[in-house]
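# Summary of the model geometry
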Amino acid sequence: MTITDAQLERYARHIILDNVGEEGQEVLLTSCVLVVGAGGLGAPVLQYLAAAGIGTLGIIDDDMVDLSNLQRQIIHTTDRIGRPKVDSAAESLAAINPEVAVTRFEERLTADNVEQLVADFDIVVDGSDNFATRYLLNDACYFARKPLVSGALLRFEGQMATFQAWREGDDHPCYRCLFPAPPAAGLVPRCEEVGIFGAVAGVIGTLQAAEVLKLVLGLGEPLTGRMLIYDALRVGFHDMTVRRDPDCPLCSSKASIVDLGIHKD
């Protein structure tokens, strides 16, 4: 493709970077990314990816904008309360960058639709808020051989990691290598029960967006084999090394999960 004069101006600060240039910007313009959830994490992810010129953004979310969302889900506005989040998000993205194609999926991610959704995109971003979706995405992206950039929030902390477990090596674990099974019901509280410091969503979501852009462009080191943790109260980051679990039910030589049937009723 040929970058237009308007695009040269819009993406000038990318293009003058030695590691990006016009060729890199062209790659961004032809890439497609699926963002699961248009909430606290999805909001900054979507906005920064749209601003960067990702060609196609998919958004899947079956929720409506609620007044309580606005404290952290900065892609939505007060006048859109009661509207589908996918529509509200698409409106904001069009205002940021009308060149970006936005595909809206106003539905819940399930074992029945996840394979087709993941297959249609280059990279998947997990901005969900529940364990069922995290495990489903982990497994689907593993089978589809698609990078998964995962984030999570609780109170004053956030965490993120990138999973590419189909690649060889102990430094390419999957989500199940960190958390072999979901916690028992009620063991880990949800954000609506214990709260979330709104700006933490912006920190982690922005980091997820940067990770996606790096993956698309092949820059630097992906956050595989590590989990990055942010503590807003101490204003600090630390990461922990994660290795492939030799007994992982999904990505080890002893795998017992061979398809997505485990997620179907």
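Residues numbered from 1 in each chain as written. Predicted model: local features only at pLDDT ≥ 70, side-chain atom pairs only at ≥ 80, totals over all residues. Heavy atoms only, no water.

## Regarding the environment of leucine 57
Heads up, the condition is: Note on conventions: DSSP H or I runs of at least 4 residues are helices, E runs of at least 2 residues are strands, and numbering of each starts at the N terminus. Here a residue-residue contact requires only that any non-hydrogen atoms of the pair lie within 4.5 Å.
Inspection of the secondary structure puts leucine 57 in strand 2 (residues 56–60). Note: C-alpha distance between leucine 57 and phenylalanine 121 (64 residues apart in sequence) is 8.7 Å. With sequence-adjacent residues up to four places away left out, leucine 57 is seen in contact with Val33, Leu46, Leu49, Ala50, Leu93, Val100, Ala101, Val102, Thr103 and Phe121.

## Regarding the pattern of salt bridges
Pairing is possible between side chains that carry opposite charge, provided their charged atoms lie close to one another. Note the cut-off: We define a salt bridge as a side-chain nitrogen of Lys or Arg found within 4 Å of a carboxyl oxygen belonging to Asp or Glu. Only protein chains enter the area calculation, which uses a 1.4 Å probe; residues under 20% of their type maximum are buried, those over 50% are exposed, and those in between are partly exposed.
Evaluation of the coordinates by the stated rule reveals nine salt bridges. As a salt-bridge pair, arginine 108 and aspartate 62 come within 3.4 Å of each other at their nearest N and O atoms. Of this pair, arginine 108 sits in the loop between strand 3 (101–105) and helix 6 (114–119) while aspartate 62 sits in the loop between strand 2 and helix 5 (85–96), placing them 46 residues apart in sequence. Looking at aspartate 62, the relative accessible area reads 35%, which means it is partly exposed. With a shortest N-O distance of 3.1 Å, glutamate 211 and lysine 214 are connected by a salt bridge.

## Overview of the environment of alanine 201
Tracing the sequence through the fold places alanine 201 in helix 10 (residues 198–217). What makes alanine 201 buried here is its relative accessible area of 0%. Sequence separation of alanine 201 and arginine 72 is 129 residues, and the distance between their C-alpha atoms is 6.6 Å. Dropping the residues within four chain positions of it, alanine 201 is found in contact with Gly40, Leu41, Pro44, Arg72 and Leu153.

## Brief notes about the packing of aromatic side chains
Spelled out, the test is: Note on aromatic pairs: the rings of Phe, Tyr and Trp (six-membered ring only in Trp) are paired at centre separations within 6.5 Å, and the planes decide the class, stacked below 30 degrees, edge-to-face beyond 60, tilted for the rest. Whether a charge sits over a ring depends on NZ of Lys or CZ of Arg being within 6 Å of the ring centre and within 35 degrees of the ring normal.
Inspection of every chain in the model, using the stated rule, returns seven aromatic pairs. Between phenylalanine 105 and phenylalanine 121, the ring centres sit 6.4 Å apart and the planes meet at 80°, which makes this aromatic pair edge-to-face. Of this pair, phenylalanine 105 sits in strand 3 while phenylalanine 121 sits in the loop between helix 6 and strand 4 (123–126), and the two are 16 residues apart along the sequence. Since its relative accessible area comes to 17%, phenylalanine 105 is described here as buried. Given a relative accessible area of 4%, phenylalanine 121 falls into the buried group. With a centroid separation of 5.0 Å and 45° between ring planes, the pair formed by phenylalanine 156 and phenylalanine 197 is classed as tilted. A residue pair is termed long-range when its members are at least 10 positions apart, and phenylalanine 156 in the loop between strand 5 (148–154) and strand 6 (157–163) and phenylalanine 197 in the loop between helix 9 (191–194) and helix 10 qualify at 41 residues. Above the plane of the ring of phenylalanine 131 lies arginine 134, whose end atom (NZ or CZ) is 5.0 Å from the centre.

## A look at helix 10
Inclusion rule: To estimate the expected span of a helix, count its residues, drop one, and scale the result by 1.5 Å.
Over its 20 residues, helix 10 extends 30 Å from the first C-alpha to the last, a length consistent with the 28 Å expected when each residue adds 1.5 Å. Taken together, the buried positions of helix 10 are Gly198, Val200, Ala201, Ile204, Gly205, Gln208, Ala209, Glu211, Val212, Leu213 and Val216.

## Describing the sheet that holds strand 4
Consider a sheet: its strands pair through backbone hydrogen bonds, and that pairing is either parallel or antiparallel. Rules: A pair of strands is considered paired only if DSSP assigns at least 2 bridges between the two. Inter-axis angles, ranging from 0 to 180 degrees, are taken between N-to-C directions of lines fitted to C-alpha atoms, where helices are fitted over the stretch in contact.
Taken in spatial order, the eight strands make up an open sheet running 3-2-1-4-5-6-7-8, and their pairing is mixed. Only two strands of the sheet have a single neighbouring strand rather than two, namely strand 3 and strand 8 (236–241). Ignoring which end each strand starts from, the neighbouring axes of this sheet average 15° apart. Bridge count for strand 6 against strand 7 (residues 226–231) is four bridges, and the pairing is antiparallel. Within strand 7, the position partnered with glycine 158 by the bridge is tyrosine 230.

## Thoughts on the environment of histidine 76
Where we set the bar: Pairs of N or O atoms are called polar contacts if they sit within 3.5 Å, as long as, within protein, a hydrogen donor faces a hydrogen acceptor (for residues adjacent in sequence, only side-chain-to-side-chain pairs).
Here histidine 76 lies in the loop between strand 2 and helix 5. Given a relative accessible area of 6%, histidine 76 falls into the buried group. Between the C-alpha atom of histidine 76 and that of alanine 89, which follows or precedes it by 13 residues, the distance is 6.4 Å. Residues within four places of histidine 76 in sequence aside, it is in contact with Ala38, Val65, Leu70, Lys85, Ser88 and Ala89. Polar side-chain contacts of histidine 76 include one of 2.7 Å to the side chain of serine 88.

Worth remembering: the numbers are spatial, not functional.
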